[in-house]
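# An overview of the molecular structure
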Amino acid sequence: MCGIVGGVAERNISNILIEGLKRLEYRGYDSAGLALINQGQVLRERRVGKVANLADAVSESQISGSLGIAHTRWATHGKPTEENAHPHISGNVAVVHNGIIENYQELKDDLEALGYVFTSQTDTEVVAHLVNDALKTAPSLLEAVRKVVPQLKGAYALGIVHTDHPDELITVREGSPLVIGVGIGENFISSDQLALLPITNRFIYLEEGDIARLTRHTIEVFVDGQLVERPVKELDATVSNASKGEYKHYMLKEIYEQPEAIKQTISQALNGNALREDFLASAIEDFSNIQQVQIIACGTSYHAGMIAKYWFEQLIDMPCQVEIASEFRYRSPVIVNNTLYVCISQSGETADTLAALRDTQKRAVAKNLNITTMTICNVATSSMVRETNHSLLTLAGPEIGVASTKAFTTQLAALMLLVLKIGQIKQTISEDQIAKIVTELWHTPKVILDTLQNDKEILRLSELFVEKQHCLFLGRGTHFPIALEGALKLKEISYIHAEGYAAGELKHGPLALVDNDMPVVILAPKDDMLDKLKSNMEEVQARGGELFVFADEHSGIKGKDRQHVVNVPTVDPILAPIVYSIPVQLLSYHVAVLRGTDVDQPRNLAKSVTVE
Ligand code: HGA
């Protein structure tokens, strides 16, 4: 999604802003721009495409300034063109915006009636004109912005500068993430702290509704016009965490980081073969009251939730529902007493999931219900972590590739820990069973390492996909969500149309698609459903489909004509979905590389989906 970077300093910040935008590239975007205030003028450059194009333009025009705002845009209103790229200017005001102004059309009509001329199709431009207009009567830039904010409906983060205020950057957070990076004699803003890590590790996390005024030496945060205190937090993340190292793509690096990421994630909760006593200790009372679980998530995180549903029900007899956040939030769900609502999100900022959480909390308060909320996410400082009763972090480190890999498998590991903890509290799982699963969990990083050894073989198979237009992924039980995830990965980064199905559903429709040209990927761990799955494979072969099978080494499934088999090391069936994620990730990755797509930033997609 869009990225905002801005700053007020004593030095020229054009390179800092460009470097910041580069560090936000992983979020996905279609154009980029920057505005610097210098000697009473707004100096602006905007370019369609990569930040590198903008960097070239800035080094050519040599624009500089010590106050500025910059932006990577992922278009929601108006095509990805230079005119629509941010910053937008009205008079002496320049604005960058992340989010959507829902009532922009109404505001635009009013502004046009007042004589303001629009030069873009964006919703954002209304903000620039509104601030410009408010300045006719407001005594300061801050007051002008305060006057404008109540007129805006929707979700937004804003960065605003003015030529007559060379030491002042105004920022607003309302529904879209925004942090302030605290420097010495200089201060910055960004939609993600990652952008500012080369210059500071001290951050202020703004809350919804906050308006802040930054100068070189001061940071003031206001709520309803009143100054409020927001703590400065120090981060120990290192800059190098976000580099590609020797890997060709972030996605490949992140696939290979999974053994370590899982080890980190489970280490926080385990002591030998038992759960640590202090693991989620503050949640014990809340968990002992819950009678069911509702998981809310989007995309890959939703698939993780689907797998957890099998685990909750099978292992600890706990009813569990899973729903896509963008549906959950708009269908007036009945909020049920004694339910644990679990939000899963890599960033902890996913707009639909966050909105679903907030709605749920409001409804529970209105009906006086006793619910517990929990976040599973990868960012300790995220909105979701701050707004739920409890949280469990995936310790995957920054995930830069838009297609989620290590965030997914660490979510699965975290969800298993949660299942075990709740089962232990409710006494619906024995300590022996917990010890057995924990032993297997410790073993998982090694099994993943062994599975990664298949990389070359999967690369060879991926050559057979390069010319394909469609693909099916089939699995049963907890491998049905892995089939969905495999199809999603292939779609996302290789742009091949792919669908995941529960293998038992084949005969209810998708079998009609199977012919000589249809590759069918099968996930075949050695579990109770293996024989049924083998029958489904026969059904595909009988119709000429070509099978690509990721199969347990002891499954008895052998390679033959139009049946390619990659052996996966044996793993306990309960944890097999974590391991079977690896071959489908590698397959999508290699197919995408062979097709020449932009693997880390696939077209039209964005990471950290902060608009709905
Ligand atoms: N609505 C604005 C900003 C879009 C955005 O935040 N994307 O992540 C536009 O379309 O320019």
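Naming follows an unreviewed UniProt entry, where the protein chain appears as Glutamine--fructose-6-phosphate aminotransferase [isomerizing] of Acinetobacter faecalis. A UniProt comment under Function (unreviewed entry) is attached to the protein chain, and it reads "Catalyzes the first step in hexosamine metabolism, converting fructose-6P into glucosamine-6P using glutamine as a nitrogen source." UniProt's Catalytic activity (unreviewed entry) comment on the protein chain is quoted here verbatim: "D-fructose 6-phosphate + L-glutamine = D-glucosamine 6-phosphate + L-glutamate".

This brings us to the pairing of strand β6 (residues 93-101). Of all the 9 residues making up β6, 9 are buried; the element is thus mostly covered by neighbouring parts of the structure. Bridge count for strand β5 (residues 88-90) against β6 is 3 bridges, and the pairing is antiparallel. Of the residues in β6, the one forming a bridge with H88 is V95. What sits between the antiparallel neighbours β5 and β6 is a turn of 2 residues, in which G91 has the positive phi angle 60°.

With that out of the way, let us pick up a negative patch on the surface. Together, E106, D109, D110 and E112 make up a region of like negative charge exposed at the surface. If you trace the backbone, D109 turns up in helix α3 (residues 104-113). By relative accessible area, D109 is classed as partly exposed at 41%.

At a closest axis distance of 8 Å, the pairing of helix α4 (residues 125-134) and helix α5 (residues 141-148) adopts a crossing angle of 120°. It follows from the interaxial angle that α4 and α5 lie oblique. For the pair α4 and α5, the sense of crossing is right-handed. Side by side, α4 and α5 meet where L130, V131 and A134 of the first sit next to L141, A144, V145, K147 and V148 of the second.

Our next topic: the sheet that holds strand β1 (residues 3-8). Taking strand neighbours across the sheet as the criterion, the 8 strands line up as β3-β2-β4-β1-β10-β9-β11-β15 in an open arrangement whose pairing is antiparallel. One side of each edge strand has no neighbouring strand; the edge strands of this open sheet are β3 (41-48) and β15 (233-234). Looking at chain direction, β1 and strand β10 (residues 187-190) are connected through 4 bridges and run antiparallel. Across the sheet, residue G6 finds its bridge partner in β10, namely I189. Sheet strands touched by helix α2 (residues 51-61): β2 (31-38), β3 and β4 (67-73). Its angle to β3, the strand with the most contacts, is close to 140°.

A separate point is α5. In an α-helix, one turn spans 3.6 residues, which is why side chains three or four residues apart end up on the same side. Among the residues of α5, L141, L142, A144, V145 and V148 are the ones counted as buried. When α5 is viewed along its axis, its buried side chains cluster within an angular range of 160° and face the same direction. Among the structural elements, α4, β7 (154-162), β8 (169-174), β12 (210-214) and β13 (219-223) are those in contact with the buried residues of α5.

The next thing to look at is the site of the ligand. The local shell around the ligand holds 15 residues, among which C2, R73, T76, G99 and D123 are the closest. Backbone polar atom of G99 to an oxygen atom of the ligand: 2.6 Å apart, as the coordinates give it. Contacts to the ligand include D123, whose side-chain N or O atom sits 2.7 Å from a nitrogen atom. Contact with the protein chains covers 100% of the free accessible surface of the ligand, which is 320 Å². At a threshold of 2 Å from the grid points, most atoms of the ligand map onto the largest cavity. Ranked by residue count, the leading element in the shell around the ligand is β6, at 3 residues. Tallied by class, the residues present in the shell around the ligand amount to 5 nonpolar, 8 polar and 2 charged.

Turning to empty space enclosed by the protein, a few remarks are in order. According to the stated counting rule, one finds 2 cavities of 30 Å³ or more in the structure shown. Counted as a void, the largest cavity has a volume near 70 Å³. Every residue lining the largest cavity is counted, 14 residues in all, and those nearest its centre are R73, T76, H86, G99 and D123. Of all the secondary-structure elements, those providing two or more residues to the lining of the largest cavity are β4 and β6. The element best represented in the lining of the largest cavity is β6, accounting for 3 residues. By residue class, the composition of the lining of the largest cavity is 3 nonpolar, 9 polar and 2 charged.

Attention shifts here to the sheet that holds strand β18 (residues 292-297). Reading across the sheet, the 5 strands line up as β19-β18-β20-β21-β22 and stay open at both edges, with parallel pairing between neighbours. Only two strands of the sheet have a single partner each, and these edge strands are β19 (320-324) and β22 (390-393). Mean inter-strand twist for the sheet, computed between neighbouring axes without regard to direction, equals 20°. Where strand β20 (residues 339-345) lies against strand β21 (residues 372-377), 6 bridges are found, and the strand directions are parallel. Along β21, the bridge assignment pairs V342 with M374.

Here is what the cut-offs are and how they apply
- Residues numbered from 1 in each chain as written.
- Predicted model: local features only at pLDDT ≥ 70, side-chain atom pairs only at ≥ 80, totals over all residues.
- Heavy atoms only, no water.
- UniProt positions renumbered as here; feature names shortened; annotations may be inferred.
- Buried < 20%, exposed > 50% of the residue type's maximum accessible area, 1.4 Å probe, protein only.
- Helix = DSSP H or I, 4+ residues; strand = E, 2+ residues; numbered from the N terminus.
- Pairing = 2+ DSSP bridges.
- Patch = residues over 30% accessible without salt bridge, like charges linked within 9 Å, V, L, I, M, F, W, Y side chains within 5 Å.
- Areas by Shrake-Rupley, 256 points an atom, 1.4 Å probe, with all protein chains shown as cover.
- Salt bridge = Lys/Arg side-chain N within 4 Å of Asp/Glu carboxyl O.
- Lys, Arg positive; Asp, Glu negative; His and termini not counted.
- Charge placed at Lys NZ, Arg CZ, Asp CG, Glu CD.
- Axes fitted to C-alpha atoms, helices over the stretch in contact; angles between N-to-C directions.
- Parallel < 35°, antiparallel > 145°, perpendicular 65-115°, else oblique.
- Left-handed = near helix turned anticlockwise from the far one by under 90°.
- Contact = heavy atoms within 4.5 Å.
- Arc of directions from axis to C-beta.
- Near = heavy atom within 4 Å.
- Polar contact = N/O pair within 3.5 Å; in protein donor to acceptor, adjacent residues only side chain to side chain.
- 1 Å grid on protein atoms, 1.4 Å probe; cavity = no way out; pocket = protein on both sides within 12 Å on 5 of 7 lines; lining within 4 Å.
- Sits in = over half its atoms within 2 Å of the grid points.
- Nonpolar A, V, L, I, M, F, W, Y, C, P; charged D, E, K, R; others polar.
- Points joined across faces, edges and corners; volume = space filled by probe spheres on them.

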